[in-house]
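Notes for the structure review
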Amino acid sequence: MRFEWGTAGLRSLGEQCAVLLVVDVLSFATTVDVTTAAGAHVLPLPYRDDRAGDAASAAGAVLAGDRGGGGYSLSPTSLVSAPAGTLVGLPSPNGATLCSEAAGLGAVVFTGCLRNAAAVAAAAGSAAHNGPVGVIAAGERHTDGSPRFAAEDLLGAGAIISALPVPASARSVEANLAARAYETSDDPARNVRECVSGRELAEWGYRADVELALARNASSTAPRLHAGVFSHH
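A brief structural summary. (Residues numbered from 1 in each chain as written. Predicted model: local features only at pLDDT ≥ 70, side-chain atom pairs only at ≥ 80, totals over all residues. Heavy atoms only, no water.)

Comments concerning the overall build of the chain
Note the cut-off: Each helix is a run of H or I in the DSSP string that is no shorter than four residues. Each strand is a run of E no shorter than two, and both are numbered from the N terminus. Note that the radius of gyration is over C-alpha atoms, with the globule rule given as 2.2 Å times the number of residues to the power 0.38. With a 1.4 Å probe rolled over the protein chains alone, any residue whose accessible area is under 20% of its type maximum counts as buried; one over 50% counts as exposed, and the rest are partly exposed. Note on contacts: a residue pair qualifies if any of its non-hydrogen atoms lie within 4.5 Å across the two residues. In these tables, accessible area is a Shrake-Rupley quantity obtained with a 1.4 Å probe, and a residue counts as shielded only by the protein chains included in the view. Working convention for charge: Lys and Arg count positive, Asp and Glu count negative, and His plus the chain ends are omitted. Here the site of a charge means NZ on Lys, CZ on Arg, CG on Asp, or CD on Glu.
Each helix and strand counted, the chain has 10 helices and 11 strands in total. A globule of 233 residues ought to have a C-alpha radius of gyration of about 17 Å, and the chain, at 16 Å, matches this closely. When its C-alpha atoms are laid out on the principal axes, the chain stretches across 45 × 35 × 35 Å. Counting across all 233 residues of the chain, residues that qualify as buried make up 52%. Once local pairs closer than 6 in sequence are excluded, the contacts in the chain between residues at least 24 apart make up 76%. Accessible surface, the chain as shown: approximately 9,700 Å² in total, 51% of it carbon and sulfur. Here the chain carries 16 positive and 22 negative side-chain charges, and the mean point of each set is 4 Å from the other.

Here we look at the layout of surface pockets
Worth spelling out the cut-off: Think of a 1 Å grid over just the protein atoms. A cavity is a set of points where a 1.4 Å probe fits yet cannot get out, a pocket is an open set with protein on both sides within 12 Å along at least five of seven lines, and lining residues have an atom within 4 Å of a point. Grid points are joined across faces, edges and corners, and a volume is the space filled by probe spheres set on the points. Under the scheme applied, nonpolar residues are Ala, Val, Leu, Ile, Met, Phe, Trp, Tyr, Cys and Pro; charged residues are Asp, Glu, Lys and Arg; polar residues are all the others, including Gly.
Its boundaries defined by the atoms lining it, the largest pocket holds a volume of some 520 Å³. The wall of the largest pocket is formed by 25 residues, among which Arg48, Arg67, Leu74, Glu140 and Trp204 lie closest to the centre. Among the elements of the structure, strand E8 (140-141) and helix H9 (196-203) are those that each provide at least two residues to the lining of the largest pocket. Element by element, the count of residues in the lining of the largest pocket is highest for H9, at 3 residues. Tallied by class, residues from the lining of the largest pocket come to 8 nonpolar, 9 polar and 8 charged. Roughly 180 Å³ of internal volume is contained in the second largest pocket. Together, 15 residues line the second largest pocket, and Gly6, Thr7, Ala138, Arg141 and Pro147 are the ones closest to its centre. Element by element, the count of residues in the lining of the second largest pocket is highest for helix H1 (residues 6-14), at 3 residues. In terms of residue class, the lining of the second largest pocket is built from 7 nonpolar, 5 polar and 3 charged.

Re the packing of helix H6 (residues 151-163) against helix H7 (residues 173-183)
To keep things clear, this is the line we draw: Only C-alpha atoms enter the line fits that serve as axes; for helices the fit covers just the stretch in contact. Angles between N-to-C directions range over 0 to 180 degrees. Throughout this description, any angle smaller than 35 degrees is read as roughly parallel, any larger than 145 degrees as roughly antiparallel, any in the 65 to 115 degree range as roughly perpendicular, and the remainder as oblique.
Put simply, H6 and H7 touch, their axes get as near as 7 Å, and they point 100 degrees apart. Judged on the interaxial angle alone, H7 and H6 are roughly perpendicular. From H6, Leu154, Leu155, Gly158, Ala159, Ile161 and Ser162 reach across to H7, where they touch Ala175, Ala178, Ala179, Ala181, Tyr182 and Glu183. Tallied by class, the residues present in the contact of H6 with H7 amount to 9 nonpolar, 2 polar and 1 charged.

Observations concerning the state of the cysteines
Operational definition: Disulfide: a pair of cysteine sulfur atoms within 2.5 Å of each other.
Inspection of every chain in the model, using the stated rule, returns 0 disulfides. Looking at Cys195, it has no disulfide partner, and the nearest cysteine sulfur is the one in Cys113, 14 Å off.

Focus on the packing of aromatic side chains
Our working definition: Pairing of aromatic rings covers Phe, Tyr and the six-membered ring of Trp, with a centre-to-centre limit of 6.5 Å; geometry is then stacked below 30 degrees between planes, edge-to-face above 60, and tilted otherwise. Only Lys NZ and Arg CZ are tested; either one counts as a charge over a ring when it is within 6 Å of the ring centre and within 35 degrees of the ring normal.
Within the structure shown, the criterion is met by 3 aromatic pairs. By way of ring pairs, the aromatic residues Phe3, Trp5 and Phe149 are connected into one cluster. Positioned above the aromatic ring of Tyr206, the side-chain terminus of Arg67 is 5.4 Å from the ring centre.

A few points about H1
Note the cut-off: Comment: arc refers to directions from the helix axis out to C-beta atoms.
Turning to H1, its buried residues are Gly6, Gly9, Leu10, Leu13 and Gly14. Burial along H1 is one-sided: seen end-on, the buried residues are contained in an arc of 130 degrees. Turned more than 90 degrees off the buried face of H1, the exposed positions are Ala8 and Arg11. The elements touched by buried residues of H1 are strand E1 (2-5), strand E2 (19-23), helix H4 (95-102) and strand E7 (133-137).

Let's talk about the pairing of E2
If a strand is regular, its side chains alternate between the two faces of the sheet. Keep this limit in mind: Two strands are said to pair when DSSP picks up at least two bridges between them.
Burial of E2 is extensive: 5 of the 5 residues sit out of reach of the surface. Neither face of E2 is exposed, since Val19, Leu21 and Val23 on one face and Leu20 and Val22 on the opposite face are all buried. Two strands pair when backbone bridges link them, and E2 and strand E6 (residues 108-112) are joined in this way by 5 bridges, in the parallel orientation. Within the sheet, the bridge partner assigned to Val22 lies in E6 and is Thr111. In this structure, E2 lies alongside E7, joined through 5 bridges in parallel fashion. Bridged to Val23 within E7 is Ala137.

Geometric descriptors of this kind do not, in isolation, establish any biological role.
Here is the structure:
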């Protein structure tokens, strides 16, 4: 199995892996987890403009808005109680964009986080049928749009890699390092709270989103992409 970062990593692994796991702890994958656990569904959208509204409308989805807008958003707390059967169009520049692109690569696609690491690893291992598995950490972006390393996604990827039914000898060096980063962390929750993304969300008033994301293996949901939509596996 292999571990890569961002769009370049997805393209590198896309044609080589039977299963792709996209990790975006703060906050896309966590939001998908709580939404699908409630019995709702998520349409990942790679843009936040008129095209997102058009795509959501065409699919019969409710388009998520900005955090703090009072409705559904990338804030996972806004979707914890989404009514079963609801289809939510969820734009995000990292996780949703990667999942939208992954949908066209022919692999089985899951999205995972700290909340559902064990469940996603088990489902991915079963779906792979001993074929190659790729884990892609979404990462973050600077204000100018350039990619930014995300410690929370390294730890989330490491948690999933550690739980995958794959011997360490079958992991790439990068995958082993991600797993070790998680396994040797004395306090993953503190690491996520105090990393750049965790501090930003807390400063913006979304500390509850961070705490929701830190509930390691609290969820048994493995969101899998079918026809461009995430549902509970």
